[in-house]
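# A closer look at the structure
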Amino acid sequence: MALCSSQKTWIVHGILAGTAIAAAIGARAYLGRSRKFRSRVVGIIPARYASSRFEGKPLVQILGKPMIQRTWERSKLASTLDHVVVATDDERIADCCRGFGADVIMTSESCRNGTERCNEALEKLEKEYDVVVNIQGDEPLIEPEIIDGVVKALQVSPDAVFSTAVTSLKPEDGLDPNRVKCVVDNRGYAIYLSRGLIPFNKSGGVNPEFPYMLHLGIQSFDSKFLKVYSELQPTPLQVEEDLEQLKVLENGYKMKVIKVDHEAHGVDTPEDVEKIESLMRERNLS
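The paragraphs below set out a description of the structure included in this document. (Residues numbered from 1 in each chain as written. Predicted model: local features only at pLDDT ≥ 70, side-chain atom pairs only at ≥ 80, totals over all residues. Heavy atoms only, no water.)

## With respect to unusual backbone geometry
Here the residue pair Ile198 and Pro199 is connected by a cis peptide bond, since its omega of -5 degrees sits within 30 degrees of zero. Position of Pro199 among the secondary structure elements: in the loop between strand S9 (190–194) and strand S10 (213–222). For Leu63, which is not glycine, the phi torsion reads 50 degrees and is therefore positive. Here Leu63 shows up in the loop between strand S2 (61–62) and strand S3 (65–66). You will see that Asp242, though not glycine, has its phi angle at about 60 degrees, which is positive. (Helix = DSSP H or I, 4+ residues; strand = E, 2+ residues; numbered from the N terminus.)

Right under this line is the structure:
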């Protein structure tokens, strides 16, 4: 699915803003010394079979292809990724992925989340990488340009160890705890993420005029920080909100955020499959 020019402009503006900020803090000199700063990039798609809401989700058929295959194919279109692998603890998923040509890294069942699974996969890869992109396996319509956007945002922000993307939140989703909200400072760094409505106003309701931001699942890590992250203990806000990104912020690390024009189409329940298929038919995607 190709992005229209206005959508690509949003992504480019986010990257350019990051470049300007990096220059302001002396990053231009840093980058000038090393043209290969965070240049080696791997995309990892964590996939597990067990799910309380949708068991076997990565293998569900979407217009004749497993969802994990559609995510992998979309990810392969990103120009910044040197390699794309699937990280899983289940042989059924592994066999499926090998069947359509994907590289697979087997990981432990003890991984508590996708980030820990990415870290274990990174340690098992034969080559070394500077940036690891955690690509959600349940977004079969992920835009390659968004993957490239979060990678470039991290590459031009040496003071950040993590980057992610947000898009506009629909007012009707403001109070949905499954829609994670994000607030960002004037320099494009995350202040906080929450399942609740942020910012919150005195009326206690959603302000239809306020530009609330929806957090998208795509995120990239500095590979050295990814190892540090996995060793950090769970933090109070992370546990309370059940959002692993908060462990980054609670420990004082910087998270770069780009804003993109993207309609999030994740698959959380079996009912979502029909919606995805309908959307793909509308867009003539096979």
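## Some words on the packing of helix H5 (residues 114–124) against helix H7 (residues 223–231)
Look at H5 against H7: their axes get within 10 Å of each other, and the N-to-C directions meet at 120 degrees. The angle between the axes of H5 and H7 places the two elements in the oblique class. Of the two possible hands of crossing, H5 and H7 adopt the one that is left-handed. Across from Thr115, Glu116, Cys118, Asn119 and Leu122 in H5, the residues of H7 making contact are Ser223, Leu226, Lys227, Tyr229 and Ser230. (Axes fitted to C-alpha atoms, helices over the stretch in contact; angles between N-to-C directions. Parallel < 35°, antiparallel > 145°, perpendicular 65-115°, else oblique. Left-handed = near helix turned anticlockwise from the far one by under 90°. Contact = heavy atoms within 4.5 Å.)

## Some words on the pairing of strand S11 (residues 255–259)
For S11, the tally of buried residues reaches 4 of 5 residues, placing the bulk of the element in the interior. Bridge analysis of strand S7 (residues 162–168) against S11 gives 5 bridges, and the strand direction is parallel. Residue Phe162 lies in a different strand from S11, and its bridge partner there is Met255. (Buried < 20%, exposed > 50% of the residue type's maximum accessible area, 1.4 Å probe, protein only. Pairing = 2+ DSSP bridges.)

## Some points on the packing of aromatic side chains
Evaluation of the coordinates by the stated rule reveals 7 aromatic pairs. A ring pair is formed by Phe210 and Tyr212, whose centres lie 5.0 Å apart and whose planes are at 55 degrees; its orientation type is tilted. We classify Tyr212 as buried; its relative accessible area is 3%. Note that Lys247 overlies the ring of Tyr229, its terminal NZ or CZ placed 4.1 Å from the centroid. Over the ring of Tyr189 we find Lys256, and its NZ or CZ is 4.6 Å from the ring centre. (Phe/Tyr/Trp six-rings, centres within 6.5 Å; stacked < 30°, edge-to-face > 60°. Lys NZ or Arg CZ within 6 Å of the ring centre and 35° of its normal.)

## Some thoughts on helix H4 (residues 91–99)
All buried positions along H4 are accounted for by Ile93, Ala94 and Cys97. Here the buried residues of H4 occupy an arc of 100 degrees about the axis, which is enough to place them on one side. The elements touched by buried residues of H4 are strand S1 (41–47), helix H3 (67–75), strand S4 (83–88) and strand S5 (103–106). Where H4 begins, one side-chain oxygen reaches toward the backbone nitrogen of Arg92, 2.8 Å away; that side chain belongs to Asp90. Directly after H4, the chain includes Gly101, whose backbone phi takes a positive value near 100 degrees. (Arc of directions from axis to C-beta. Polar contact = N/O pair within 3.5 Å; in protein donor to acceptor, adjacent residues only side chain to side chain.)

## So, the pattern of salt bridges
For side chains of opposite charge, pairing can occur when their charged atoms come near one another. Inspection of the entire model under this criterion finds 14 salt bridges. One salt bridge in this structure joins Arg195 and Asp242, with 4.0 Å as the shortest N-O distance. You can see Arg195 sitting in the loop between S9 and S10 and its partner Asp242 sitting in the loop between helix H8 (236–241) and helix H9 (245–250), a full 47 residues away along the chain. According to the relative accessible area criterion, Arg195 is partly exposed, its value standing at 25%. Across the salt bridge formed by Asp272 and Lys275, the nearest N and O atoms sit 3.7 Å from each other. Highlighted residues: Asp272 and Lys275, both in helix H10 (residues 271–282), separated by 3 residues, approximately one helical turn. Of the residues examined, Asp272 reaches a relative accessible area of 12% and is grouped as buried. The network of salt bridges with shared partners includes Glu91, Asp95 and Arg98. (Salt bridge = Lys/Arg side-chain N within 4 Å of Asp/Glu carboxyl O.)

## Considering the nonpolar core
Counting residues in each nonpolar core, the largest one holds 33 residues, and the members touching the most others are Leu81, Cys97, Val133, Ile147, Ala165 and Ile218. Elements represented by at least two residues in this core include exactly S1, H3, S4, H4, strand S6 (131–134), helix H6 (144–155) and S10. Examining the composition of this core, we find that 6 residues originate from one element, H6, more than from any other. The contact partners of Ile147, leaving out residues within four places of it in the chain, are Ser75, Ala78, Thr80, Leu81, Val133, Ile135, Ile142 and Ile218. (Core = buried A, V, L, I, M, F, W, Y, C linked by side-chain atoms within 4.5 Å.)

## Quick notes on H7
Buried residues of H7: Ser223, Phe225, Leu226 and Tyr229, and no others. Along the axis of H7, the buried residues cluster in a sector spanning 145 degrees; they form a single face. Set apart from the buried face of H7 by more than 90 degrees, the exposed residues are Lys224 and Glu231. Where H7 is buried, its residues touch H5, S6, S10, H8 and H9. Where H7 begins, one side-chain oxygen reaches toward the backbone nitrogen of Lys224, 2.9 Å away; that side chain belongs to Asp222.

Any functional reading would require information beyond the geometric quantities listed.
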